[in-house]
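Structural overview
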Amino acid sequence: MTKVMVAIAPGSEEIEAVTIIDVLRRADITVDVVSVCPTASLEICASRGVKLLADVHLNQIDASAYDMLVLPGGVPGSEVFRDSVHLIEILKNRSNTQWLAAICAAPALVLASHDLLGEAQVTCHPGFQKDLPKQLLSTQRVVVDKTHQLITSQGPGTALEFSLALVAQLKGQDCANAVAAPMVLA
């Protein structure tokens, strides 16, 4: 069974969060929506006022049970992730078999802020690209760095491509194509 943690926090970008969750579930991947809310609430108010309900709080998970850890972007959601000592500990201690994925502001505000990029090629929202090391920056919409087990993307407009890249990595390109076909992508 393939299992993924998708973190959410107050101010997370709802298009990104919901798209990731939806596409992964269409691929029959088990998804735990994990609240990183500092008050331990499972319900969060996303960046545009949409309320999202997590399955579980970060304090209640076994991070080693996941094949992939995913961080939607958005501000202040990415700042909440960045400031969560527990989440950063999980990200720093992920196993060498776990993938990490981040979109929008999260690669810069969370991963770069805590030196979690290594030498991986990455991208993020254009407004935050100045915060990434120039030698690592790619302007591609989605970057899959297999060597460093890291997938990054630019923002709400790339969320579907990003999510399908996650599926392709976890279950293969044929599965990603099968998930994409009925969505009538351009």
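So, here is what we can say about the structure in this document. (Residues numbered from 1 in each chain as written. Predicted model: local features only at pLDDT ≥ 70, side-chain atom pairs only at ≥ 80, totals over all residues. Heavy atoms only, no water.)

1. Regarding the overall build of the chain
Secondary structure assignment for the chain yields six helices and nine strands. By the compact-globule yardstick of 16 Å for 186 residues, the chain fits well, its C-alpha radius of gyration being 15 Å. Relative to its 186 residues, the chain shows a buried fraction of 55%. In the chain, 65% of the contacts between residues at least 6 apart in sequence involve partners at least 24 apart. Counting every atom, the chain has about 8,300 Å² of accessible surface; 51% of that belongs to carbon and sulfur. Once the 13 positive and 19 negative side-chain charges of the chain are each reduced to a mean point, those two points are 3 Å apart. (Helix = DSSP H or I, 4+ residues; strand = E, 2+ residues; numbered from the N terminus. Rg over C-alpha atoms; globule rule 2.2 N^0.38 Å. Buried < 20%, exposed > 50% of the residue type's maximum accessible area, 1.4 Å probe, protein only. Contact = heavy atoms within 4.5 Å. Areas by Shrake-Rupley, 256 points an atom, 1.4 Å probe, with all protein chains shown as cover. Lys, Arg positive; Asp, Glu negative; His and termini not counted. Charge placed at Lys NZ, Arg CZ, Asp CG, Glu CD.)

2. A short note on the packing of helix α1 (residues 14–26) against helix α5 (residues 159–171)
Across the interface, α1 lies against α5 with an axial gap of 9 Å and an inter-helix angle of 35°. Regarding α1 and α5, the two cross each other, and that crossing is right-handed. Between α1, through I15, E16, T19, I20, V23 and L24, and α5, the contact on the second element is made entirely by A159, L160, F162, S163, L164, L166, V167 and L170. For the contact of α1 with α5, the class distribution of residues is 11 nonpolar, two polar and one charged. (Axes fitted to C-alpha atoms, helices over the stretch in contact; angles between N-to-C directions. Left-handed = near helix turned anticlockwise from the far one by under 90°. Nonpolar A, V, L, I, M, F, W, Y, C, P; charged D, E, K, R; others polar.)

3. A look at the pairing of strand β1 (residues 3–8)
Successive side chains on a regular strand alternate, one facing one side of the sheet and the next facing the other. Taken across its six residues, β1 has six buried, putting it largely inside the fold. A two-sided burial pattern is seen for β1, the buried positions comprising K3, M5 and A7 on one face and V4, V6 and I8 on the other. Examined bridge by bridge, β1 and strand β2 (residues 30–35) share six bridges and lie parallel to one another. Bridge pairing in β2 places V4 opposite V31. As a crossover connection, the stretch from β1 through α1 into β2 is right-handed. Of the strand pairs in this sheet, β1 and strand β6 (residues 68–71) are connected by three bridges, and their pairing is parallel. The residue bridging V4 from the neighbouring strand is M68, located in β6. (Pairing = 2+ DSSP bridges. Right-handed = clockwise from strand over helix to strand, strands pointing away.)

4. Topic: helix α6 (residues 173–180)
Where α6 is concerned, the buried positions are C175, A176, V179 and A180. Down the axis of α6, the buried set is contained in an arc of 135°. They therefore lie on one face. Turned more than 90 degrees away from the buried face of α6, the exposed residues are D174 and A178. Next to the buried residues of α6 lie α1 and α5. (Arc of directions from axis to C-beta.)

5. Some points on the nonpolar core
Of all hydrophobic cores here, the largest spans 37 residues; its most connected members are L24, M68, V70, I151, F162 and L166. A total of eight residues in this core trace back to one element, the largest contributor, which is α5. Contacts of L24, omitting those with residues within four sequence positions, involve V4, V6, I29, V31, L166, V167 and L170. One finds I61, L71, I90 and L116 within the second-largest nonpolar core, a separate group that totals 33 residues. (Core = buried A, V, L, I, M, F, W, Y, C linked by side-chain atoms within 4.5 Å.)

6. Side note on the sheet that holds strand β8 (residues 142–145)
Read across the open sheet, the seven strands follow the order β5-β2-β1-β6-β7-β9-β8; overall the sheet is mixed. Looking at the sheet topology across the chains shown, the edges are occupied by β5 (56–57) and β8. Summarising the sheet, β8 and strand β9 (residues 150–153) pair through four bridges and their orientation is antiparallel. Along β9, the bridge assignment pairs V142 with S153.

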